[in-house]
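Chains, contacts and geometry: an overview
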Amino acid sequence: MLTVAYGEATLDRSNVYRWYKMFSEGGEDVNDEERAGRPSTSTTNEKINEVEKMILANRRITVKEVAEDLNISIGSCHSIFIDDLGMRRVAVKFVPKLLNCDQKQHRMNIANEMLDSVRDDPNLLQRVITGDEAWVYGYDVETKAQSSQWKLPHEPRPKKARQVRSNVKVLLTVFFDCRGMVHHEFLPQGRTVNKEYYLQVMRNLREAIRQKRPDFPDEKGGKGAEYRMYSMLGAAGCTWCLFLMSEAAISFGVKDSEILTKLNFEANQYIKAIKKSIDDLRLFAKEQVKSQEGQTILTQADDYQAYLAKNQGLLKNSILYAQMAINKQNQQQLLTCENSTRQRMRNQSLVSTASGISDNLLHISRTMASQVKQSENTLHTLLNSSSLVTDTREELKGMGTNILNSKKLLTKYNRRELTDKVLLFIAFVFFFACVLYIVKRRLF
């Protein structure tokens, strides 16, 4: 009757019966109630724990590998990575060097000591001048980000030839403090970096501090930089004095008055330079005479003066002793009255001995040069071997990954083969069952 009245818009019989039953049980809403849905079989706690264990065992494992090992979908595995475990894949950060535990602890101790010093004295960093060295190249290679360009969709991608680092380079030495750069120098062409070069750099730094940082403080508020420079030069001057004294002391073994005179002249020149440095130190101490630092500098200048006077006395005694030895040798030569032939033979013997010694020294020099060359070749060989070992290790890692992937594929193919056998067995059973059924129907 309802179908005749409403036509196709009428509910079918099954829905009418279902609504009648629902209203009879007290229901008032014709819409379907919410259902729990199909339970998840991949994002369970067990699966999440297994995924976490696999990640902790191998941080470089991929989502696809985890999904294949646990037999879950890639989307579910990715959801466990991001949503449940809160992980994200990041690139490895490159650092200059990996430190061990002792080195890390040592750096921590130094950092704590510096922090304590800064807390005790807030102006500590204002009294620090530090330096650094770096190679400056003729040009810098343009990076990938710097060479990027904008292009339209129909334009081809721009190209750029590979560049190498410049072979022209120079060593730059820079000194700076909290207010900026104090002094910088470029290594001259052909100059060797040795103690004389660094001594000259320190002298130039001292002059730069005098000009650019005249108020540079020390620990007690005075001009400690100049004081420390003068102290260093004073100690170095006394060392040079001792060196020249030793040269004069052994000069009598050379049996040559000209060498002794030359050494005496050089010693006097160094002594004059040391006296000038001590006078400058005294002048600086007089400028700081009202402070305790000035008294300390003046006392140290007196010590340097006494030390220099003592060295001068030792130098004079050494020169006199060498001169006496030379005079005594000359007297012995006059008393012996050796004839010219014997003297000529002795001279020839001395010349041949000196020539033999020179040849030996030349041979030793050539041997050392060849040893240095062989060491350089050995070093290059070791470097090449190290690179080959590194490449071999990377290849072995790649082979290990390929073997692991092959193992997974073989496992997967074995599972598929087992599944195919089961299906074939079921198909044969079904086929024989159908045949038996048909025979039974035909016969009986």
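Residues numbered from 1 in each chain as written. Predicted model: local features only at pLDDT ≥ 70, side-chain atom pairs only at ≥ 80, totals over all residues. Heavy atoms only, no water.

As recorded in an unreviewed UniProt entry, the protein chain goes by the name Sec20 C-terminal domain-containing protein, listed as coming from Cordylochernes scorpioides. Looking at the Subcellular location (unreviewed entry) heading of the UniProt record, one finds this comment for the protein chain: "Membrane". (UniProt positions renumbered as here; feature names shortened; annotations may be inferred.)

Strand pairing in a sheet relies on backbone hydrogen bonds, with the paired strands running either antiparallel or parallel. Taken together, three strands build an open sheet; the order of strands is β1-β2-β3 and the sheet is antiparallel. For this open sheet the edge positions go to β1 (130-137) and β3 (180-186), each flanked by a neighbour on one side alone. Across this sheet, the average inter-strand angle for adjacent strands is 25°, counted without regard to direction. Two elements, β1 and strand β2 (residues 169-177), share eight bridges in a ladder whose sense is antiparallel. Note that in β2 the partner of Asp132 across the bridge is Val174. Most of the contacts of helix α7 (residues 195-212) go to β3, to which it runs at about 145°, and overall it touches β1, β2 and β3. (Pairing = 2+ DSSP bridges. Helix = DSSP H or I, 4+ residues; strand = E, 2+ residues; numbered from the N terminus. Axes fitted to C-alpha atoms, helices over the stretch in contact; angles between N-to-C directions. Contact = heavy atoms within 4.5 Å.)

Applying the stated criterion to the full structure yields two aromatic pairs. Directly above the aromatic system of Trp135 lies the positively charged group of Lys169, at a separation of 4.5 Å from the ring centroid. (Phe/Tyr/Trp six-rings, centres within 6.5 Å; stacked < 30°, edge-to-face > 60°. Lys NZ or Arg CZ within 6 Å of the ring centre and 35° of its normal.)

Looking now at the packing of helix α3 (residues 45-57) against helix α4 (residues 63-70). Two elements in contact, α3 and α4, have axes whose closest approach is 11 Å; the angle formed by their N-to-C orientations is 130°. Classified by the angle their axes make, α3 and α4 are oblique. Between α3 and α4 lies a crossing of right-handed hand. For the pair formed by α3 and α4, the contact residues are Lys47, Glu50, Val51 and Met54 on the first element and Val66, Asp69 and Leu70 on the second. Its residues placed into classes, the contact of α3 with α4 shows four nonpolar, no polar and three charged. (Parallel < 35°, antiparallel > 145°, perpendicular 65-115°, else oblique. Left-handed = near helix turned anticlockwise from the far one by under 90°. Nonpolar A, V, L, I, M, F, W, Y, C, P; charged D, E, K, R; others polar.)

Of all hydrophobic cores here, the largest spans 13 residues; its most connected members are Ile278, Leu281, Ile297, Leu308 and Leu315. The leading source of residues in this core is helix α9 (residues 257-287), at seven residues. Listed in part, the 12 residues of the second largest apolar core include Ile48, Met54, Ala67 and Ile72. (Core = buried A, V, L, I, M, F, W, Y, C linked by side-chain atoms within 4.5 Å. Buried < 20%, exposed > 50% of the residue type's maximum accessible area, 1.4 Å probe, protein only.)

Before going further, it helps to spend a moment on unusual backbone geometry. The backbone of Asn71 sits at a positive phi, close to 60°, despite the residue not being glycine. Structurally, the position occupied by Asn71 is in the loop between α4 and α5 (74-84). Judged by relative accessible area, Asn71 falls into the exposed class, the value being 67%.

There is a patch of nonpolar side chains on the surface, built from Leu424, Phe428, Phe431, Phe432, Val435, Val439 and Leu443 and spanning about 720 Å² of accessible area. A relative accessible area of 48% means that Phe431 is categorised as partly exposed. (Patch = residues over 30% accessible without salt bridge, like charges linked within 9 Å, V, L, I, M, F, W, Y side chains within 5 Å. Areas by Shrake-Rupley, 256 points an atom, 1.4 Å probe, with all protein chains shown as cover. Salt bridge = Lys/Arg side-chain N within 4 Å of Asp/Glu carboxyl O.)

In the sheet, β2 pairs with β3 via six bridges, with the strands oriented antiparallel. Note on β3: the bridge partner recorded for Val174 is His184. Here β2 folds back onto β3, and the loop between the two strands holds two residues.

Along the polypeptide, Thr173 turns up in strand β2. When neighbours within four sequence positions are excluded, Thr173 is seen to be in contact with Asp132, Glu133, His183, His184, Glu185 and Tyr197.

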